[in-house]
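Architecture at a glance
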Amino acid sequence: MEQKIDQLQMHMLEKIADLHSVPEGAYNLRSNGGLAGRNTTANIDIVSKEDKPGIDIIIKPGTKNESVHIPVIVSQSGLKDLVYNDFYIGEDADVTIVAGCGIHCGGDDTTEHDGIHAFHIGKNAKVRYIEKHYGEGEGTGERILNPTTIIHMDADSYMEMETTQIKGVDSTIRDTTADLDDGATLIIKEKIMTHGQQYAETNFQVDLNGVGSTANVVSRSVAKGESKQVFNSKICGNNECYGHTECDAILMDQGHVNAVPSLDANHLDASLIHEAAIGKIAGEQLIKLMTLGLTEKEAEEQIVSGFLK
Amino acid sequence: MLELQDICYQVTEDSQEKGILKHVNLKIEDSFVAITGPNGGGKSTMAKIIAGIIRPTSGKILFNGEDITDLSITDRAKKGISFAFQQPVRFKGLTVLDLINLAHGEPLSLNRACKYLSEVGLCAKDYINREVNGSLSGGELKRIEIAMIIARGTKLSIFDEPEAGIDLWSFNNLIRVFEGMRDSIDGSIIIISHQERILNIADSIVVIADGEVTEQGSREEVLPKLLTSSEACSTLMNKIV
């Protein structure tokens, strides 16, 4: 049954998808476990799954410059929402997909959304995938988001994934796996900020199976308060390929970050690199901004917001 | 404008007290003052003391007649003191435009921000949105650092060896930048430098060696002495070559 979008939901949509009104083009809005709105276009079809909760998003081959928004909002305290979304992106398509989930928890019960997204990207197709996770609410209940992303990339396809979790999510385990065929390119940019007692775990596994396949997995994170983060990133080079993984983390207060980059080269021509840097904000960065007239706190805010931009 | 009264700065090295600055007294009224002298003589320390980055062990700093000795870096910046670092700082994520805007104190139009970059010889459209990170060369960072000082437009601007790390071609531009600043600034510029061409455009020159002011006067008075003094000359020549 279709539901109306209320003010709170609109506010959450703004936070997770920069939407100020119902989006143009194809969209599917899921709210509190049900459908709250849908639009399809001549090239992009959205079909509800019959065997389990979720949708299939089918993008016709050759679709250019179209976008799909599939935001999820959970504002009912205590709800545990699980959804399976499958994206079928036709050959030569060039599309932007905006997902994301916002939890507003006004009660004392744990509220959770687990989104399992599978991408089937056709030959030579290009996808920009933007995903934001956000939590808020005056309730004491935990806000939990566990996104899983599974990416299958055909030859010469390209995917850029921007995944962001800046505020209000108490616990998250973010699993992403990808397999790449010949000439495919995957770029992942992750941005995470945790505070208080929050916990964020990221697990990336990328299999570079095709000749000339490329992956670049970059994570920038800030751990404040007593929050904890774990970053696992594994790139397997199973052919002539190039892989790079990088974790850059800023520690503040008593924040804790454990970065475990891993490279698995199974081919002589696999070229794999990992970098990880964790540390507090450099004193000279603070001093430089203070000589421009910022207070230490303002300088810290600028450095953090620039880092996560 | 700026007055240092009996400034001392001591550090403990191998459990011995070492004087980095020894009873420095200095008045800066001119619009363009060059500070020179041998490496390790205390020039950069003095600049950092003026900017508030280092606190002196004793002595007073007056800025426009006000005692600023106990003011923080931020408060001094707000009062109108700018400081260009000898080794500019890199920031992951912050762009050139971000820093120019922060320096100016409020967001600038793109055109005005670009103007500051053009003034230091950078092609604005290539740089304005670049991150101020390790992908920029030392010379590029120095020029961005100088552009930030121009964007601040404060009463007192201090440059710590702006020529360090800049290639010869850029150095010619840099001289033009400082000549332009000298002609247009409504306040004072202090430049720590070993370069004769910078000393040549200064109104006055201060020589600091071994933590003390050893010479101070107009360019006409001080520069000839420096160029004929074998020790100072070799210091200068070493830097130039």
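This section reports on the structure supplied with the text. Small disclaimer: the values here were computed from a predicted structure and weren't measured.

**Thoughts on the overall build of chain A**
Summing up its helical and strand segments, chain A has 3 helices and 21 strands in all. Against the 2.2 N^0.38 benchmark of 19 Å for 309 residues, chain A shows a C-alpha radius of gyration of 20 Å, consistent with a compact globule. With the C-alpha coordinates aligned to their principal axes, the bounding extent of chain A is approximately 55 × 55 × 35 Å. When burial is assessed residue by residue, chain A has 45% of its 309 residues classed as buried. Looking at chain A alone, contacts between residues at least 24 apart form 80% of all its contacts between residues at least 6 apart.

**Thoughts on the nonpolar core**
Counting 90 residues, the largest nonpolar core has I50, L99, I100, L117, A147 and I158 of chain B as the members making the most contacts within it. If you tally residues by element for this core, the top one is helix α6 (residues 138-152) of chain B, at 8 residues. Beyond its immediate chain neighbours, meaning those up to four positions away, I50 of chain B contacts L2, I61, I81 and I158 of chain B. Counting residues in each nonpolar core, the second largest holds 56 residues, with L13, I16, A125 and I151 of chain A among its members.

**Observations regarding the interface of chain B and chain A**
Across the contact, 19 residues belong to chain B and 18 residues belong to chain A. Broken down by secondary-structure element, the contributors of at least two residues to the side of chain B that touches chain A are α2 (73-79), β6 (81-84) and α3 (96-104) of chain B. Take the side of chain B that touches chain A: its biggest share by element is 4 residues, from α2 of chain B. Grouping the constituent residues of the side of chain B that touches chain A by class yields 11 nonpolar, 4 polar and 4 charged.

**Comments concerning the pairing of strand β10 (residues 126-136) of chain A**
Residues and elements named next belong to chain A. In terms of residue burial, β10 counts as a mostly covered element, since 8 of its 11 residues are buried. The pairing of strand β8 (residues 94-104) with β10 spans 11 bridges and is classified as parallel. Bridged to G102 within β10 is Y134. With 9 bridges connecting them, β10 and strand β13 (residues 158-167) associate as parallel partners. When the sheet's bridge partners are listed, Y134 is paired in β13 with K167.

The rules behind each value
Residues numbered from 1 in each chain as written. Chains lettered and ligands numbered in written order. Predicted model: local features only at pLDDT ≥ 70, side-chain atom pairs only at ≥ 80, totals over all residues. Helix = DSSP H or I, 4+ residues; strand = E, 2+ residues; numbered from the N terminus. Rg over C-alpha atoms; globule rule 2.2 N^0.38 Å. Buried ≥ 20, exposed ≤ 12 C-beta atoms within 10 Å, placed from the backbone. Contact = placed C-beta atoms within 7 Å. Core = buried A, V, L, I, M, F, W, Y, C linked by C-beta atoms within 7 Å. Nonpolar A, V, L, I, M, F, W, Y, C, P; charged D, E, K, R; others polar. Pairing = 2+ DSSP bridges.

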